[in-house]
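A structural walkthrough
Residue-level listing of the chains:
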Amino acid sequence: MINWKIRFKNPLFISQLLLSFIVPILGYFGLTAQDITTWASLFSLLVDALSNPYVVVLVIISVWNAVTDPTTRGVKDSNLAKQYEFLKK
């Protein structure tokens, strides 16, 4: 079990999750963020990425790495992290 409520309050987790989608797609197609200059080019890139099984697998692996906690066994938070109601400062 993962404490999603707390994770989504953490800006670092949100940025990790966003980058886990963006970086594999841009990297596969050899692009940088500056290359996406119109909404049409963004939507075209997303369609191309979703139609390519290899890119989809790269994104899934990247998201998996962003979500899992390497300090616990399996896909879950530690017992302590499950009890958090607020981000630790």
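Here goes a summary of the coordinates provided. Note that this is a predicted model, so its numbers are computed, not measured.

1. Overview of the overall build of the chain
Each helix and strand in the chain was counted, giving 5 helices and 0 strands. Secondary structure elements in the chain, listed N-terminal to C-terminal, are α-α-α-α-α. Taken over C-alpha atoms, the radius of gyration comes to 16 Å for the chain, far larger than the 12 Å a tight globule of 89 residues would show. Residues classed as buried in the chain amount to 26% of the 89 residues present. Long-range contacts, defined here as pairs at least 24 residues apart, represent 65% of the contacts in the chain between residues at least 6 apart. As displayed, the chain offers around 6700 Å² of accessible surface, 68% of which is attributable to carbon and sulfur atoms. Looking at charge distribution, the chain has the averaged site of its 8 positive side-chain charges lying 15 Å from that of its 5 negative ones.

2. Digging into the packing of helix H2 (residues 11-29) against helix H3 (residues 39-50)
For the pair H2 and H3, interaxial distance at closest approach is 11 Å and the crossing angle is 90 degrees. As summarised for this structure, H2 and H3 are arranged roughly perpendicular, according to the angle between their axes. The residues of H3 that touch H2, namely those facing Ile 25, Leu 26 and Phe 29, are Leu 45, Leu 46, Asp 48 and Ala 49. Per-class residue counts for the contact of H2 with H3 are 6 nonpolar, no polar and 1 charged.

3. Points about the packing of aromatic side chains
This structure, assessed with the given rule, holds 6 aromatic pairs. Taking the centre distance of 5.0 Å and the plane angle of 90 degrees together, the rings of Tyr 28 and Phe 29 count as edge-to-face. Three or more aromatic residues joined by ring pairs form one cluster here, namely Trp 4, Phe 8 and Phe 13.

4. A word on the nonpolar core
In this structure, Ile 25, Leu 26, Leu 45, Ala 49, Val 55 and Val 59 together form the largest nonpolar core, which totals 6 residues. Elements with a minimum of two residues in this core: H2, H3 and helix H4 (53-67). Excluding residues that lie within four positions of it along the chain, Leu 45 makes contacts with Ile 25, Leu 26, Phe 29, Leu 31 and Ile 36.

5. Comments concerning a nonpolar patch on the surface
A contiguous nonpolar patch, built from Trp 4, Phe 8, Ile 14, Leu 18, Leu 19, Phe 21, Ile 22 and Val 23 and spanning about 740 Å² of accessible area, is present on the exposed surface. Of the residues forming the nonpolar patch, the biggest block, 6 residues, is contributed by H2. Within the secondary structure, Ile 22 is located in helix H2. Its relative accessible area of 41% is what places Ile 22 among the partly exposed residues.

How each quantity is defined
Residues numbered from 1 in each chain as written. Predicted model: local features only at pLDDT ≥ 70, side-chain atom pairs only at ≥ 80, totals over all residues. Heavy atoms only, no water. Helix = DSSP H or I, 4+ residues; strand = E, 2+ residues; numbered from the N terminus. Rg over C-alpha atoms; globule rule 2.2 N^0.38 Å. Buried < 20%, exposed > 50% of the residue type's maximum accessible area, 1.4 Å probe, protein only. Contact = heavy atoms within 4.5 Å. Areas by Shrake-Rupley, 256 points an atom, 1.4 Å probe, with all protein chains shown as cover. Lys, Arg positive; Asp, Glu negative; His and termini not counted. Charge placed at Lys NZ, Arg CZ, Asp CG, Glu CD. Axes fitted to C-alpha atoms, helices over the stretch in contact; angles between N-to-C directions. Parallel < 35°, antiparallel > 145°, perpendicular 65-115°, else oblique. Nonpolar A, V, L, I, M, F, W, Y, C, P; charged D, E, K, R; others polar. Phe/Tyr/Trp six-rings, centres within 6.5 Å; stacked < 30°, edge-to-face > 60°. Core = buried A, V, L, I, M, F, W, Y, C linked by side-chain atoms within 4.5 Å. Patch = residues over 30% accessible without salt bridge, like charges linked within 9 Å, V, L, I, M, F, W, Y side chains within 5 Å. Salt bridge = Lys/Arg side-chain N within 4 Å of Asp/Glu carboxyl O.

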